[in-house]
Amino acid sequence: MANYDKLRDKYKEYIYQNQNVEYEMSIKPLPSVPAVHKWVGAQCTPYRLYGIPNDMNAVLTYAPGDVKFLDTGESGLFKWTGGCIWNSFLYGFPRTSNYLLKMSLDTEKIEYVEPQYKYLQEHHYGGICTKEGIVYQPPRNSDHILVWDLKSEKERRIYLRQKSENRVFRYCGSIITPHGTAYFLPESGGRVIKLDTETEKWNFIGEEINAMVFDAKIGVDGCIYGYSAYCPGILKINIRTDSAEMIHEEIKPGAYGTKLGVNGHMYSIPGDGDSVWDYNPLTDSVKCIGKLSKTLRAKYAGGATMRNGDIYAVPAQEQGMLQLKASGWDSQIPEDIYEEYFSDCY
């Protein structure tokens, strides 16, 4: 706990030092490809970003001036959503696929982790990965959390219902805090799931809520915030009181992701929405910093904050890459707070 408190204080100090940094939006061109919902979620190394293939049959690898598509050999809709980098491998979390996507960052060889469980439809959405390489995926049209051990490449289940119940759950977002607690975010009419990744004890917290949040971040105040995709407002989870509420319902973000800037602000990834939103937890204020075309739905889906503070959103139906660049910024985020606060699995 002492180490966590020290890291939290370092994060706060870093944010206060950079609270006046502003972000500017631009679009970076990519080669045209025919897939509809191309990539959903991204991971990054210090110098390269990787898009997780959704309808696309290739992993996107992106660096300024260097774009490649690495063929997965798999076609189909909504195959993988989100992922992680662990032990020098990129993983894509299965959504309709039964297989865990695995790619070596050294050789760029793509393979698949064979499961013992098989599904006939969309079954889980996104997830989180612990430092020990344990992936937890929240259910989507299923009754359990799907757990992958990346070391042994075996999977198991944590059931959310009694054996006598005939019930399925729909969750669409995940976050893990620096002290190892995971939160899974419901679509509509559900409750947030809180999971201790050390003991794997879990419980529902807060009241039933309509959230539809695909991605969330920890604010400098210690609360969790995430823009909604289809509901008004921003989800706020108070981890001290185990409560959840929607705030700023005057906006309809239409966001497929929430990314953290070096100034501590939360930035929306525009999905069905046409605006990039900037929320400042220090002042509880929200503003629009950019507008996009309204003609497309699912414009971008997920992305990553790079270690230099730049934020990228990977295209779903759009063709180019969306970049939010810190104006006048020329520094690297300290690795310890980057890994715990800026990095995510979506």
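Anything mentioned here points back to the structure above.
These numbers come from a predicted model, not from an experiment. (Residues numbered from 1 in each chain as written. Predicted model: local features only at pLDDT ≥ 70, side-chain atom pairs only at ≥ 80, totals over all residues. Heavy atoms only, no water.)

Chemist: Explain the overall build of the protein chain residue by residue, including any values.
Modeler: Each helix and strand in the protein chain was counted, giving 2 helices and 29 strands. Reported as C-alpha extents along the three principal axes, the dimensions of the protein chain are approximately 55 × 45 × 40 Å. Sorting the 346 residues of the protein chain into buried and exposed places 60% on the buried side. Taking all contacts inside the protein chain whose residues are at least 6 apart in sequence as the whole, residues at least 24 apart take part in 49%. (Helix = DSSP H or I, 4+ residues; strand = E, 2+ residues; numbered from the N terminus. Buried < 20%, exposed > 50% of the residue type's maximum accessible area, 1.4 Å probe, protein only. Contact = heavy atoms within 4.5 Å.)

Chemist: Mind laying out the side chain of T197, listing which residues take part and the relevant values?
Modeler: Position of T197 among the secondary structure elements: in the loop between β17 (190-196) and β18 (202-209). Owing to a relative accessible area of 15%, T197 belongs among the buried residues under this scheme. For T197, the side chain forms a polar contact with the main-chain oxygen of G180, separated by 2.6 Å. Among all residues touching T197, those that are not within four sequence positions of it are I128, T130, Y136, I176, G180 and A182. (Polar contact = N/O pair within 3.5 Å; in protein donor to acceptor, adjacent residues only side chain to side chain.)

Chemist: Can you tell me about the pattern of salt bridges, naming the residues and giving the values?
Modeler: Summed over the entire model, instances satisfying the criterion amount to 25 salt bridges. D344 is the salt-bridge partner of K259, the closest N and O atoms lying 2.9 Å from each other. Of this pair, K259 sits in strand β23 (residues 255-260) while D344 sits in the segment after α2 (335-342); the two residues are 85 residues apart in sequence, bridging distant segments of the chain. The partner of K291 in a salt bridge is D274, with the nearest N and O atoms 3.7 Å apart. A residue pair is termed long-range when its members are at least 10 positions apart, and K291 in strand β26 (residues 285-291) and D274 in the loop between β24 (266-270) and β25 (275-280) qualify at 17 residues. (Salt bridge = Lys/Arg side-chain N within 4 Å of Asp/Glu carboxyl O.)

Chemist: Lay out the packing of aromatic side chains with the relevant residues and their values.
Modeler: Applying the stated criterion to the full structure yields 19 aromatic pairs. Seen in terms of ring centroids, W39 and F69 are 5.7 Å apart; in terms of plane orientation they differ by 25°. Their pairing is stacked. Taken together, the positions of W39 in strand β2 (residues 39-44) and F69 in strand β5 (residues 66-71) put the pair 30 residues apart, joining distant regions of the chain. You can call W39 buried: its relative accessible area is 1%. (Phe/Tyr/Trp six-rings, centres within 6.5 Å; stacked < 30°, edge-to-face > 60°.)

Chemist: I'd like a description of the pairing of strand β14 (residues 154-159), backed by residues and values.
Modeler: Bridging between strand β13 (residues 144-149) and β14 involves 6 bridges; their strand directions are antiparallel. Each bridged residue has a counterpart across the sheet, and for H144 the counterpart in β14 is Y159. (Pairing = 2+ DSSP bridges.)

Chemist: Give a detailed account of the sheet that holds strand β20 (residues 224-227), specifying residues and quantitative values.
Modeler: Strands belonging to one sheet form pairs held by backbone hydrogen bonds; the direction of such a pair is parallel or antiparallel. Pairing is antiparallel in the open sheet, where 4 strands are placed in the order β19-β20-β21-β22. Of all the strands in the sheet, the pair left with one neighbour each is β19 (217-218) and β22 (243-247).

Chemist: Any chance you could break down the nonpolar core for me, citing the residues and the numbers?
Modeler: Among the nonpolar cores identified, the biggest contains 68 residues, and L49, Y183, L235, I237, Y341 and F342 are the most heavily contacted of them. With 5 residues, helix α1 (residues 2-17) is the single largest residue contributor to this core. (Core = buried A, V, L, I, M, F, W, Y, C linked by side-chain atoms within 4.5 Å.)

Chemist: Could you give me a rundown of the sheet that holds strand β9 (residues 110-113), with the residues and numbers involved?
Modeler: The strand order across the open sheet formed by 4 strands is β6-β7-β8-β9, and the pairing between neighbours is antiparallel. Single-partner strands in this sheet number two, and they are β6 (80-86) and β9. Taking each pair of neighbouring strands and ignoring which way they run, the sheet shows an average axis angle of 25°. Where strand β7 (residues 89-94) and strand β8 (residues 100-104) come together, 4 bridges link them in antiparallel fashion. The partner of G92 across the bridge, within β8, is L101. (Axes fitted to C-alpha atoms, helices over the stretch in contact; angles between N-to-C directions.)

Chemist: Tell me about unusual backbone geometry, residues and numbers included.
Modeler: With a phi close to 65°, E108 is a non-glycine residue in the positive phi region. Mapped onto the elements of the fold, E108 is located in the loop between β8 and β9. The class for E108 is partly exposed, based on a relative accessible area of 24%.

Chemist: Go over the side chain of E122, please, and point to the residues and values.
Modeler: You can see E122 is positioned in the loop between β9 and β10 (128-129). One polar contact links E122 to R95, side chain to side chain, over a distance of 2.7 Å. Not counting the four nearest positions on each side in its chain, E122 is found in contact with R95, T96, R140, N141 and R170.

Chemist: Talk me through the pairing of β18; I want residue IDs and the actual numbers.
Modeler: Note that β17 and β18 share 5 bridges and pair antiparallel. By the bridge assignment, V192 is partnered in β18 with I205. Linking β17 to β18, which pair antiparallel, is a turn of 5 residues; within it E200 sits at a positive phi near 65°.

Chemist: Can you break down the state of the cysteines residue by residue, with the values?
Modeler: Think of a disulfide as a covalent bridge from one cysteine sulfur atom to another cysteine sulfur atom. Tallying each qualifying case throughout the model produces 0 disulfides. You can see C231 has no disulfide; the closest cysteine sulfur is in C172, sitting 8.7 Å from it. Free of any disulfide, C288 has its nearest cysteine sulfur in C231, 20 Å distant. (Disulfide = S-S within 2.5 Å.)

Chemist: Explain the environment of D278 residue by residue, including any values.
Modeler: Mapped onto the elements, D278 comes out in strand β25. Here the alpha-carbon distance between D278 and M266, two residues 12 residues apart in the chain, equals 5.7 Å. Here D278 is in contact with Y227, H265, M266, Y267, S285, V286, K287 and I289, once residues within four sequence places are set aside. Within the structure, D278 has its side chain in polar contact with the side chain of Y267 (distance 3.1 Å).

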